[in-house]
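The residues making up each chain are set out below.
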Protein chains: 2
Amino acid sequence: MNDTPASPKKGLSRRGLLSLAGAGVVGAGLGAGASYAVAAAAPGHSGAAASYPFFGEHQSGITTPAQDRLHFAAFDVDDISRDELAELLADWSYAASRMTSGLGAGGYGPASGPYDSPPDDTGEALDLPPSGLTITFGLGPSLFDDRFGLAGKRPAALIDLPHFPGDALIDALVGGDLCIQACSDDPQIAVHAIRNLSRIAFGRASIRWSQLGFGRTSSTTRAQTTPRNLFGFKDGTANMRAEDTDQVNSAIWAHSSEGPGWMAGGSYLVARKIRMTIETWDRSSLREQERVIGRTKGEGAPLSGGSEFTEPDFALAGRGDAPLIDPASHVKLAHPTNNDGASMLRRGYNFVDGNDDLGRLNAGLFFISFQRDPQTQYVPVQLSLAKNDAMNEYVRHVGSGIFAVPPGAREGSFVGAGLFG
Amino acid sequence: MNDTPASPKKGLSRRGLLSLAGAGVVGAGLGAGASYAVAAAAPGHSGAAASYPFFGEHQSGITTPAQDRLHFAAFDVDDISRDELAELLADWSYAASRMTSGLGAGGYGPASGPYDSPPDDTGEALDLPPSGLTITFGLGPSLFDDRFGLAGKRPAALIDLPHFPGDALIDALVGGDLCIQACSDDPQIAVHAIRNLSRIAFGRASIRWSQLGFGRTSSTTRAQTTPRNLFGFKDGTANMRAEDTDQVNSAIWAHSSEGPGWMAGGSYLVARKIRMTIETWDRSSLREQERVIGRTKGEGAPLSGGSEFTEPDFALAGRGDAPLIDPASHVKLAHPTNNDGASMLRRGYNFVDGNDDLGRLNAGLFFISFQRDPQTQYVPVQLSLAKNDAMNEYVRHVGSGIFAVPPGAREGSFVGAGLFG
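The name an unreviewed UniProt entry gives chain A is Deferrochelatase, with Glaciihabitans tibetensis as the organism. What UniProt records for chain A under Function (unreviewed entry) is the sentence "Involved in the recovery of exogenous heme iron. Extracts iron from heme while preserving the protoporphyrin ring intact."

Trainee: Looking at this structure, how should I read the overall build of chain A?
Mentor: For chain A, the helix and strand inventory stands at 8 helices and 10 strands. Taking the intrachain contacts of chain A between residues at least 6 apart in sequence as the baseline, contacts between residues at least 24 apart amount to 76%.

Trainee: Is there a simple way to explain unusual backbone geometry in this structure?
Mentor: One can expect most non-glycine residues to show negative phi and most peptide bonds to be in trans. Geometrically, the link from Gly259(A) to Pro260(A) is a cis peptide bond, its omega value of -10 degrees lying close to zero. Examined against the element boundaries, Pro260(A) turns out to sit in the loop between α4 (245-251) and β6 (267-276). Despite not being glycine, Asp127(A) shows a phi value in the positive range, around 80 degrees. Within the element layout of this structure, Asp127(A) appears in the loop between α2 (82-99) and β2 (134-139). Positive phi, normally seen in glycine, also occurs at Asp340(B), with a value near 50 degrees. Mapped onto the elements, Asp340(B) comes out in the loop between α7 (330-334) and β7 (345-346).

Trainee: Please clarify how the pattern of salt bridges should be interpreted in this entry.
Mentor: Opposite charge on two side chains lets them pair, provided their charged atoms get close. What the rule picks out here adds up to 42 salt bridges over all chains. With its nearest N and O atoms 2.7 Å apart, the salt bridge here joins Asp116(A) to Arg287(B). Separated into two different chains, Asp116(A) in the loop between α2 and β2 and Arg287(B) in helix α6 (residues 286-293) make up a pair that spans both. Assessed through its relative accessible area of 42%, Arg287(B) is described here as partly exposed. A salt bridge links Glu308(A) to Lys234(A); the shortest N-O distance between them is 3.1 Å. Placement of the pair is Glu308(A) in the loop between α6 (286-293) and α7 (330-334) and Lys234(A) in the loop between β5 (215-216) and α4, with a sequence separation of 74 residues. Each member of the pair Glu308(A) and Lys234(A) is classed as buried. Taken together, the shared-partner salt bridges connect Asp68(A), Arg69(A) and Arg216(A) into one network.

Trainee: Help me understand the packing of helix α2 (residues 82-99) of chain B against helix α3 (residues 187-200) of chain B in this model?
Mentor: What describes two packed helices is the angle between their axes and the distance between those same axes. Residues and elements named next belong to chain B. As a packed pair, α2 and α3 sit with axes 10 Å apart at the nearest point and diverge in direction by 150 degrees. One way to sum up the angle between α2 and α3 is to call them roughly antiparallel. Viewed along their axes, α2 and α3 form a crossing whose handedness is right-handed. Note on element contacts: α3 touches α2 through His192, Ala193, Asn196, Leu197 and Ile200, opposite Asp91, Trp92, Ala95 and Met99. The class makeup of the residues in the contact of α2 with α3 is 6 nonpolar, 2 polar and 1 charged.

Trainee: I keep staring at the domain arrangement of chain A and nothing clicks. Help me out?
Mentor: As a measure of interface size, the accessible area lost when the parts come together is often cited. All names here are of chain A. Here the domain parsing of chain A yields domain 1 (52-143 + 166-216) and domain 2 (225-407). Of note, the centres of domain 1 and domain 2, computed from C-alpha atoms alone, are 26 Å apart. A combined buried area of about 3000 Å² lies between domain 1 and domain 2, and 64% of that area is made up of carbon and sulfur atoms. Per-residue buried area on domain 1 facing domain 2 is highest for Ile62, Gln211 and Arg216; these three make up 22% of the total on that side. Linking domain 1 to domain 2 there are 1 salt bridge. Between Arg272 and Asp167 there is a salt bridge, with the nearest N and O atoms lying 2.7 Å from each other. At the junction of domain 1 and domain 2, the tally comes to 19 residue pairs in polar contact (both at pLDDT 80 or more). Contributions of two or more residues to the side of domain 1 that touches domain 2 are made by β1 (69-77), β2, β3 (178-184), β4 (205-213) and β5. Per-class residue counts for the side of domain 1 that touches domain 2 are 20 nonpolar, 15 polar and 5 charged.

Trainee: What is the right way to look at the relation of the copies chain A and chain B in this model?
Mentor: Note: a rotation about an axis with an accompanying shift along it relates these two copies of the chain. With an RMSD of 0.0 Å, the operation that places chain A on chain B is a rotation of 180 degrees combined with a shift of 0.0 Å along the axis. The operation mapping one copy onto its partner corresponds to a two-fold rotation axis. Among all residues of chain A, the one whose C-alpha sits closest to the rotation axis is Asp353(A), at a distance of 3.4 Å.

Trainee: Just checking my understanding: could you explain α2(B) for this structure?
Mentor: Quick reminder: α-helices carry 3.6 residues per turn. Residues three or four places apart thus point the same way. An ideal rise of 1.5 Å per residue puts 26 Å on 18 residues; α2(B) measures up with 26 Å between its terminal C-alpha atoms. Taken across its 18 residues, α2(B) has 14 buried, putting it largely inside the fold.

Trainee: It is not clear to me how the interface of chain A and chain B should be interpreted in this structure. Could you clarify?
Mentor: With 55 residues of chain A at the contact, the number on the chain B side is 55 residues. At the boundary of chain A with chain B, total buried surface from both sides reaches about 4500 Å², with 56% on carbon and sulfur atoms. Sorting the residues of chain A by area buried against chain B places Tyr115(A), Arg195(A) and Leu286(A) first, and these three jointly supply 14% of that buried surface. On the surface where chain A and chain B come into contact, there are 6 salt bridges.

Trainee: What should I look at first to understand the UniProt feature "domain: Dyp-type peroxidase N-terminal" (unreviewed entry) in chain A in this one?
Mentor: The UniProt record annotates "domain: Dyp-type peroxidase N-terminal" (unreviewed entry) at residues 59-214 of chain A. In residues 59-214 of chain A, helix accounts for 21% and strand for 20%; the two terminal C-alpha atoms are 22 Å from one another.

Trainee: In this structure, what is going on with the side chain of Ser343(A)? I would like to understand it.
Mentor: Residues and elements named next belong to chain A. Structurally, the position occupied by Ser343 is in the loop between α7 and β7 (345-346). Given a relative accessible area of 15%, Ser343 falls into the buried group. With residues up to four places along the chain from it excluded, the contact list for Ser343 reads Met240, Gln247, Ala251, Pro336 and Gln377.

Trainee: I would appreciate a short explanation of the pairing of β3(A) in the present structure.
Mentor: A regular strand places its side chains so that they alternate between the two faces of the sheet. Residue and element names in this part refer to chain A. Most of β3 is tucked away: 7 of the 7 residues are buried. Of the two faces of β3, the one carrying Leu178, Ile180, Ala182 and Ser184 and the one carrying Cys179, Gln181 and Cys183 are both buried. With 7 bridges connecting them, β1 and β3 associate as antiparallel partners. Paired with Phe72 across the strands is Gln181, a residue of β3. Direction of pairing for β2 relative to β3: antiparallel, over a ladder of 6 bridges. Bridging from a neighbouring strand, Ile135 pairs with Ala182 of β3.

What counts, and where the lines are drawn
- Residues numbered from 1 in each chain as written.
- Chains lettered and ligands numbered in written order.
- Predicted model: local features only at pLDDT ≥ 70, side-chain atom pairs only at ≥ 80, totals over all residues.
- Heavy atoms only, no water.
- UniProt positions renumbered as here; feature names shortened; annotations may be inferred.
- Helix = DSSP H or I, 4+ residues; strand = E, 2+ residues; numbered from the N terminus.
- Contact = heavy atoms within 4.5 Å.
- Salt bridge = Lys/Arg side-chain N within 4 Å of Asp/Glu carboxyl O.
- Buried < 20%, exposed > 50% of the residue type's maximum accessible area, 1.4 Å probe, protein only.
- Axes fitted to C-alpha atoms, helices over the stretch in contact; angles between N-to-C directions.
- Parallel < 35°, antiparallel > 145°, perpendicular 65-115°, else oblique.
- Left-handed = near helix turned anticlockwise from the far one by under 90°.
- Nonpolar A, V, L, I, M, F, W, Y, C, P; charged D, E, K, R; others polar.
- Domains from an automatic or database assignment.
- Buried area = accessible area lost by both parts, 1.4 Å probe.
- Polar contact = N/O pair within 3.5 Å; in protein donor to acceptor, adjacent residues only side chain to side chain.
- Least-squares fit on C-alpha atoms with pLDDT ≥ 70 in both.
- Expected span 1.5 Å × (residues − 1).
- Pairing = 2+ DSSP bridges.

Printed below as a string of structure tokens:
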């Protein structure tokens with residue numbers, strides 16, 4: 001992180017936004033597709049030095065190549081006014097635009113500025129490169145109650161998620177008025193982002209629940225290798241990729257035709273904290289594990305044959321005319337052909353939250369998906385899985401959230417500004 | 001991780017140890033200094049491909065260049081016999097020697113072998129390089145009670161830590177019969193190690209408490225830059241370095257002269273989970289923060305002047321004849337000159353365990369130190385800090401453990417074997 005204060009030195013709140021164009025912040029007005037291409041192609045801009053523009057047609061952190069680490073937080077908004085809510089969102093965008101370009105959260109930085117005031121950045125990212133940091137903001141259904149006069153603005157696609165069979169949700173891990181997804185290849189950078197945005201929100205919003213993820217479980221571009229989840233299997237082989245522009249446009253981005261206009265170019269985020277009973281899984285046979293997933297553990301090939309990226313053949317039968325891929329397997333039930341073609345962009349992370357009283361690792365998958373319409377994309381797939389997935393013996397959904405993710409902001413504006421128009 | 005089964009295919013328990021020499025496991029009989037030098041100098045053995053030998057004079061993970069991520073676990077041993085305890089330690093060494101060289105925990109691997117048995121590796125590290133993994137085993141004071149006939153073997157240096165003023169220890173985060181410190185530059189690799197060692201211990205030992213750490217807070221070699229803790233300050237500037245061989249020999253390694261003989265070449269590990277009240281810290285002024293630490297926040301220079309590695313001048317006075325470095329500052333109280341020359345090797349990590357009910361990040365420092373004699377090294381320093389450190393307003397010690405860390409094992413043997421001689 002660069003300790004050089006941005007000029008002008010004053011203007012720590014959203015008023016500073018207007019001066020950002022002159023403050024070394026990169027990436028004006030690029031669409032998400034373009035920003036991804038820039039990041040991938042720019043010489044020297046790989047690894048720790050990778051930097052994605054905050055401003056643009058779409059928010060970054062969606063089709064951006066999935067970074068290795070996550071810090072996600074859902075917030076409750078305190079008893080503040082509509083104007084103060086807008087100011088919070090503006091302050092957040094200002095700080096996010098700085099941090100994603102490697103600057104401190106505020107104009108003074110962690111180590112300079114008035115000695116008798118708290119620093120406007122907490123400092124643990126000082127000396128560190130941005131490491132591909134993206135900060136993505138979302139708005140929960142509860143934000144559209146009567147507190148801020150926004151009830152009439154709630155997008156139809158921002159549904160309340162239904163109860164799914166087997167749900168074991170813990171109240172403290174559900175919902176939230178706002179959310180922030182911070183992704184980076186360096187966990188210290190992701191933690192620094194959530195911490196500073198939480199600090200900026202002091203007295204206006206506070207963390208309701210949060211999650212650290214240490215390993216990505218999906219690829220969002222073709223250049224990325226398929227990672228493994230804590231079942232030890234490759235995850236996200238069939239995930240949508242940023243290069244599939246037709247699919248990205250039709251399945252991820254909200255269009256103005258379906259309204260509301262301020263969400264055009266945005267998306268909808270579903271988060272599910274899925275605890276895995278890994279000790280039980282670890283004592284099941286390799287045969288059972290592969291049956292449950294529907295793929296081989298090593299290569300990740302469908303049990304109908306071929307290699308990782310071979311399309312599964314759900315009709316192909318083996319011994320006794322039974323299909324080689326169990327109809328109750330995860331790959332069968334989650335596949336678009338089983339869900340009227342429904343697909344979504346998955347962007348989840350492995351987590352371990354220590355251990356429980358019985359000495360078992362409190363571990364699992366923090367599922368995140370982006371889609372244009374959760375009602376026709378996430379919900380039918382999850383209903384099908386919740387009813388029939390052989391994997392249900394080994395997982396438990398304990399946390400849940402759905403958020404409208406507004407489009408990216410133009411320089412001089414902030415994410416969510418359209419809501420207050 | 002290499003999925004090729006080691007030969008012979010049979011022998012998943014400690015019996016396999018004797019065949020490891022022919023199974024591609026690196027690093028026979030090198031001392032820690034030597035192994036560190038090999039790892040640092042070997043062409044292509046940097047970053048993800050880095051691999052440290054498990055066998056040697058000392059256990060790795062002590063003077064090894066501090067890796068970026070940590071998974072630490074303390075275990076309670078179940079109701080097993082002395083022979084079964086020895087067998088558990090042997091099985092652990094066998095699996096550790098495999099995983100640190102990039103192999104699966106067992107001879108079959110996660111994806112091959114008998115289909116009707118659980119795999120002998122959980123699989124999430126398949127395809128991943130060792131990423132500098134080290135696995136370090138320790139023995140807690142409670143292991144030397146009357147259960148295993150080891151009471152007469154307890155090293156004098158393995159004291160019960162005293163109660164320190166201000167301690168706010170939580171029972172569930174204290175003690176343990178055994179501990180494992182897994183460090184790696186890839187958190188998935190560290191998690192994979194603890195998970196598989198916990199799986200191997202099933203029915204013999206279970207996790208009592210555990211901790212993930214996402215960012216190292218110390219350097220253990222001169223080549224490493226000084227990282228920052230969650231106060232935003234550089235941490236470990238004055239830490240001992242592996243290159244200081246005289247100091248390493250006199251301050252870290254147990255000598256045969258002080259007994260017991262089976263601990264010669266070993267060390268003693270102190271772990272302290274230190275919660276930081278970061279929200280309070282973040283609202284204190286930069287002046288207060290620098291006063292508490294005794295160094296500047298940006299450069300990390302002592303407040304008596306100079307740059308990061310300048311020795312602090314505790315006598316130098318400023319305005320009103322007050323010393324420039326507050327006598328209650330952390331740098332003053334922790335400094336060897338204030339502690340009869342006592343020093344230790346620190347190897348701690350930043351952690352965030354989600355948030356508490358009030359929306360505050362549950363964050364802090366997981367302190368780990370290695371020393372030859374905790375009674376004359378860790379204890380006096382911590383007593384001094386606990387009584388007078390200005391930092392106490394912002395920290396709370398909630399977890400604690402002390403462990404004897406036996407010397408490294410020779411090939412064909414296991415860590416702790418000397419205990420059963």
